[in-house]
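Given next are the chains, with one letter for each unit.
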Amino acid sequence: MTARFHKLRHGVRAFGLPAVLRSLTQYARRTRLRPQPVEPVAHEPQGPALQDHPAVKAIAYYLPQFHPIPENDAWWGEGFTEWTNVYRARPLFPGHVQPDFPGELGEYDLRDPDVMRRQIALARHHGLHGFCFHYYWFCGKRLLEHPLEQLLADPSLDVPFCLNWANESWSRRWDGSSEVLMPQAHSPEDDAAVMRDLLRYFNDPRYIRIDGRPLFLLYRPALLPDVRATLDRWRAVCAAEGAAAPFFVMVQSFGMHDPRPYGFDAAAQFPPHLGHTPFGYARTRPVGLTPEFSGRVFPYAELARVTLAGLDAPYPTFPCVCPGWDNTPRRGTAATVFLNATPRRYTDWLTAACGHAMQAFDETRRFVFINAWNEWAEGAHLEPNLAHGHAFLNATTRVLARRPAGVTGTA
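The residue numbering used here restarts from 1 in each chain and proceeds along that chain's sequence as written. Local features in a predicted model are, by the rule used here, given only for residues with pLDDT of at least 70; side-chain atom pairs are given and counted only at 80 or more, and totals for whole chains, interfaces and linings are based on all residues. Excluded from the side-chain calculations are hydrogens and water; all other atoms, namely the structure's heavy atoms, are used.

For residues that are not glycine, phi is negative in most cases, and the peptide bond is trans in most cases. Following glutamine 98, the chain continues into proline 99 via a peptide bond in cis, with omega recorded as -5 degrees. Here asparagine 371 and alanine 372 are connected by a cis peptide whose omega angle stands at 20 degrees. Secondary structure follows DSSP: runs of H or I at least 4 residues long count as helices, runs of E at least 2 residues long count as strands, and numbering of each begins at the N terminus. Along the chain, alanine 372 falls in the loop between β18 (367–370) and β19 (374–375). At leucine 144, a residue that is not glycine, the phi angle is positive and equals roughly 55 degrees. Relative to the helices and strands, leucine 144 resides in the loop between β5 (141–142) and α6 (146–153).

On any regular strand, side chains alternate: one points to one face of the sheet, the next to the other face. The rule is simple: take the accessible area with a 1.4 Å probe, protein chains only, and divide by the maximum for that residue type; under 20% is buried, over 50% is exposed, in between is partly exposed. Most of strand β3 (residues 130–135) is tucked away, with six of its six residues classed as buried. The side-chain alternation of β3 yields two buried faces, one formed by Gly130, Cys132 and His134 and the other by Phe131, Phe133 and Tyr135. The pairing of strand β2 (residues 57–62) with β3 spans four bridges and is parallel. Paired with isoleucine 59 across the bridge in β3 is glycine 130. If DSSP finds at least two bridges between two strands, the strands pair. Bridge count for β3 against strand β6 (residues 161–165) is five bridges, and the pairing is parallel. The residue bridging cysteine 132 from the neighbouring strand is cysteine 162, located in β6.

The next subject is helix α8 (residues 227–240). Multiplying 1.5 Å by the helix residue count minus one yields the expected span of that helix. Here α8 is 14 residues long and its end C-alpha atoms lie 20 Å apart, about the 20 Å a rise of 1.5 Å per residue gives. Along α8, the residues that are buried comprise Val227, Ala229, Thr230, Leu231, Trp234, Val237 and Cys238. Lining the buried residues of α8 we find β6, α7 (188–202), β10 (213–218) and β11 (247–252). Put simply, aspartate 226 is the residue that caps the front of α8, since its side-chain oxygen is 3.4 Å from the backbone nitrogen of arginine 228. Every residue pair with non-hydrogen atoms within 4.5 Å of one another is taken to be in contact. As used in this structure description, the phrase polar contact means that two N or O atoms lie within 3.5 Å; if the pair is within protein, one of them must be able to donate a hydrogen and the other to accept it, and residues adjacent in sequence are counted only when both atoms belong to side chains.

Surface patches are defined over residues having more than 30% relative accessible area and no salt bridge, joining like charges when they lie within 9 Å and nonpolar side chains (Val, Leu, Ile, Met, Phe, Trp, Tyr) when within 5 Å. Using the Shrake-Rupley algorithm and a 1.4 Å probe, accessible areas are obtained, with residue cover drawn only from the displayed protein chains. Criterion for a salt bridge: a side-chain nitrogen of Lys or Arg within 4 Å of a carboxyl oxygen of Asp or Glu. Together, Tyr87, Phe101 and Leu386 line one region of the surface with nonpolar side chains, adding up to about 270 Å² of accessible area. Structurally, tyrosine 87 is set in helix α4 (residues 82–88). Its relative accessible area of 32% is what places tyrosine 87 among the partly exposed residues.

Below, the discussion takes up the packing of aromatic side chains. A ring pair, where both rings are aromatic, is described by two values, the distance of the centres and the angle of the planes. Working definition: rings of Phe, Tyr and Trp (its six-membered ring) pair if their centres are within 6.5 Å, and the pair is stacked with planes under 30 degrees apart, edge-to-face with planes over 60 apart, and tilted otherwise. Enumeration over the complete set of coordinates arrives at 33 aromatic pairs. Relative to phenylalanine 270, the ring of tyrosine 219 lies with its centre 5.2 Å away and its plane at 65 degrees, an arrangement referred to as edge-to-face. You can see tyrosine 219 sitting in the loop between β10 and α8 and its partner phenylalanine 270 sitting in the loop between β12 (266–269) and β13 (285–286), a full 51 residues away along the chain. You'll find tyrosine 219 and phenylalanine 270 in the same group, each marked buried. Grouping aromatic residues by their ring pairs yields a cluster made of Tyr62, Phe131, Phe133, Phe161, Trp165, Phe202, Tyr207, Phe216, Trp234, Phe248 and Trp373. Its guanidinium or amino end placed over the ring of phenylalanine 254, arginine 220 lies 4.0 Å from that ring's centre, counting from NZ or CZ. Geometrically, a charge over a ring is one whose NZ (Lys) or CZ (Arg) sits within 6 Å of the ring centre while staying within 35 degrees of the ring normal.

Rendered as structure tokens:
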């Protein structure tokens, strides 16, 4: 084992779970290429609130696609929102929780500020630090910007937040087509323009910072013609405006893994899209899978194992945990499903991720990302559903409530 792995293992021990990685690996091996039953998840009511500030700051990715916009009306039909995909899903095997109906928050519309107020209250109750909003900019045109603009205009929506620029073109890939709906055209001029827009958010007192620098994530660095040149232009814009340059974080996805050659300050995981493996998970098959299925099924424990292995790296990497992944609402019988995402296995994974954050970072940057708060059409959400209630939120609270002693981090 490498020295980095030993440090990770020590961090896991500090969080009270010595055999997380071993148990995940053993489970994944048992399930490879074998028909598997679906393990039931009990419905849980909301547990008690987290009373203390957790040692690790959990930030959940936040999808703003829960309100209609003219572009989606034209592309997908009038009134389209992410709920349209969610409600059309159908189960692919016995025990498959599809459609995955929302719980207490219901089929919300993010144009209503009370929805975000309730989301913030729910996140705070369970110990989350804040949200990382996906930010959509296309050569000066914004899409799905209403929730962010609403947050910026209303200081009473008291939640720490940061941004992840989802800098890819939009296409019809959900329904198997390659037609581009909203293209990106990166250029030096666009680099400067997007940073000037971002500064409005960076200047907000709720914006999450590291050493006084706004925390900013870039989702698809490889799509930029020259990533390092773009970061330099962004730093120059900030200097000209008298603002601190962001703490630049490279999202590990689509073959991008090491942030150092591009000038980023750190990397952040984004499972199931990882930079260090070309989707190399061991597959499984649930019992009774529909014969029309052309997608992929993997053990959830395999996703946890492979993601945790990526933390064994010689550069700062913010861990990320996924409460589940099942994009049946978007892809139908071509879906990717991670089977048996139970609160217990999620607890193990989150425990290991927090152990890494405690060991690898000082207290100013002990962040763990969660993918996601509300990715309902990809089966990745902490928000309660009808089937399981608050099971995953309660698991999050229990892990974040742990206060390990004797673990010191490094900057």
